[in-house]
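Results of the structural survey
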Amino acid sequence: GLFHSTVFIKEGCSFITFQNGEVITEGSRTSSQSMHIQIGNGLTVTSTPTSYNSNITVKGNTLHSSGNATGTYCGIACSNRDTATADQNILIEDNTIEDFGNYGYYGRFNSGVTIKNNTVKNNIATVNTGTKYGIYTYNSSFGSRFSPKSLNSIIGNKVEDLESPTSTSYVYGIYTINSYGKGDL
């Protein structure tokens, strides 16, 4: 079916580590319900979850599609409730995120999330012609230098090969909107 998250962390999970694995997804890059890893219980990449997940580590994994697949819509999606203000304490580190149609990493309403030393790339032959984001954060401004909550960090990531040379769509390596944090982009 269209709904396909290979690893789904939802419904208030805490203290979960997913490390040194290989995730092979047979998803559809045209469905916003198709992800390698989803942290949050929304139906699609852009849904706002109803539960709060915290203390999650995704580290040292390779995320890609099977040889005959067109890739997922999103590599890793991480969303928080829009009314939540507590830190999530989520670490996305040392992963290789490949074969996605629109987003390598998608974060929404995040606080206390670190995206560090990941490689985000697209190796699929039939690349989606829509707008593509290597790392995308939206409304992730709960932490600030004026509050005790943690900042979001985007540090030391490598973003490459996001679009085919024949496409006329927009391509963004790292895109943040209405977000507050720190980073070594």
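Residues numbered from 1 in each chain as written. Predicted model: local features only at pLDDT ≥ 70, side-chain atom pairs only at ≥ 80, totals over all residues. Heavy atoms only, no water.

1. Re the overall build of the protein
Scanning the protein for helices and strands turns up zero helices and 17 strands. With 185 residues in all, the protein has 51% of them scored as buried. When contacts within the protein are restricted to residue pairs at least 6 apart in sequence, long-range pairs at least 24 apart make up 79% of them. In the structure as shown, the protein presents an accessible area of about 8,200 Å², 47% of it carried by carbon and sulfur atoms. (Helix = DSSP H or I, 4+ residues; strand = E, 2+ residues; numbered from the N terminus. Buried < 20%, exposed > 50% of the residue type's maximum accessible area, 1.4 Å probe, protein only. Contact = heavy atoms within 4.5 Å. Areas by Shrake-Rupley, 256 points an atom, 1.4 Å probe, with all protein chains shown as cover.)

2. Quick notes on the nonpolar core
If you look at the biggest cluster of nonpolar residues, it comprises 21 residues, and the most contacted ones within it are Ile37, Ile39, Val58, Ile76, Ile90, Ile92 and Tyr105. Only strand 1 (4–9), strand 4 (34–39), strand 5 (54–59), strand 7 (72–79), strand 8 (90–93), strand 10 (100–108) and strand 11 (113–116) provide two or more residues apiece to this core. Apart from the residues within four sequence positions on either side, Ile76 is in contact with Ile37, Val58, Leu63, Ile92, Ile97, Gly104, Tyr105 and Tyr106. Core analysis: the second largest hydrophobic core is formed by eight residues, Tyr73, Tyr103, Tyr106 and Tyr133 among them. (Core = buried A, V, L, I, M, F, W, Y, C linked by side-chain atoms within 4.5 Å.)

3. Some remarks on the confidence of the model for the protein
Of the residues in the protein, 65% have a pLDDT of 70 or more, and the chain-wide mean is 76. Taken element by element, the predicted model of the protein shows its lowest mean pLDDT in strand 17 (residues 181–184) (54) and its highest in strand 9 (residues 96–97) (95). Per-residue pLDDT stays below 50 along residues 142–146; that stretch engages in 19 contacts with residues further than four places along the chain or on separate chains. (pLDDT = per-residue confidence, 0-100.)

4. Considerations on the pairing of strand 5
Pairing analysis gives five bridges linking strand 2 (residues 14–19) to strand 5, with the strands arranged parallel. Counterpart to Ile16 in the pairing with strand 5 is Ile56. Bridging between strand 5 and strand 8 involves four bridges; their strand directions are parallel. Looking at the pairing, Lys59 lines up with Glu93 of strand 8. (Pairing = 2+ DSSP bridges.)

5. Remarks on the sheet that holds strand 15 (residues 158–160)
Here five strands make up an open sheet; going across it, the order is 3-6-9-12-15 and the pairing parallel. With partners counted over all chains shown, the strands left at the sheet margins are strand 3 (22–25) and strand 15, one partner each. Bridge count between strand 9 and strand 12 (residues 119–121): two bridges; the pairing is parallel. Paired with Thr96 across the strands is Thr119, a residue of strand 12.

6. Section: the packing of aromatic side chains
Aromatic ring pairs are reported here in terms of the distance separating the ring centres and the angle at which the planes meet. Applying the stated rule across the entire model yields ten aromatic pairs. Taking 4.9 Å as the distance between ring centres and 75 degrees as the angle between the ring planes, the aromatic pair formed by Tyr103 and Tyr106 counts as edge-to-face. The exposure classification of Tyr103 matches that of Tyr106, with both residues buried. Taking 5.0 Å as the distance between ring centres and 10 degrees as the angle between the ring planes, the aromatic pair formed by Tyr103 and Tyr133 counts as stacked. (Phe/Tyr/Trp six-rings, centres within 6.5 Å; stacked < 30°, edge-to-face > 60°.)

7. Focus on the environment of Thr72
Within the secondary structure layout, Thr72 lies in strand 7. According to the relative accessible area criterion, Thr72 is buried, its value standing at 0%. Placed 31 residues apart in sequence, Thr72 and Tyr103 show a C-alpha to C-alpha distance of 8.9 Å.

8. Some points on unusual backbone geometry
With a phi angle near 55 degrees, Asn20 is a residue other than glycine that sits in the positive phi range. With respect to the helices and strands, the residue Asn20 is situated in the loop between strand 2 and strand 3. Given the relative accessible area of 60%, Asn20 is considered exposed. Located in the positive-phi region is Asn117, a residue other than glycine, with phi close to 55 degrees. Mapped onto the fold, Asn117 is located in the loop between strand 11 and strand 12.

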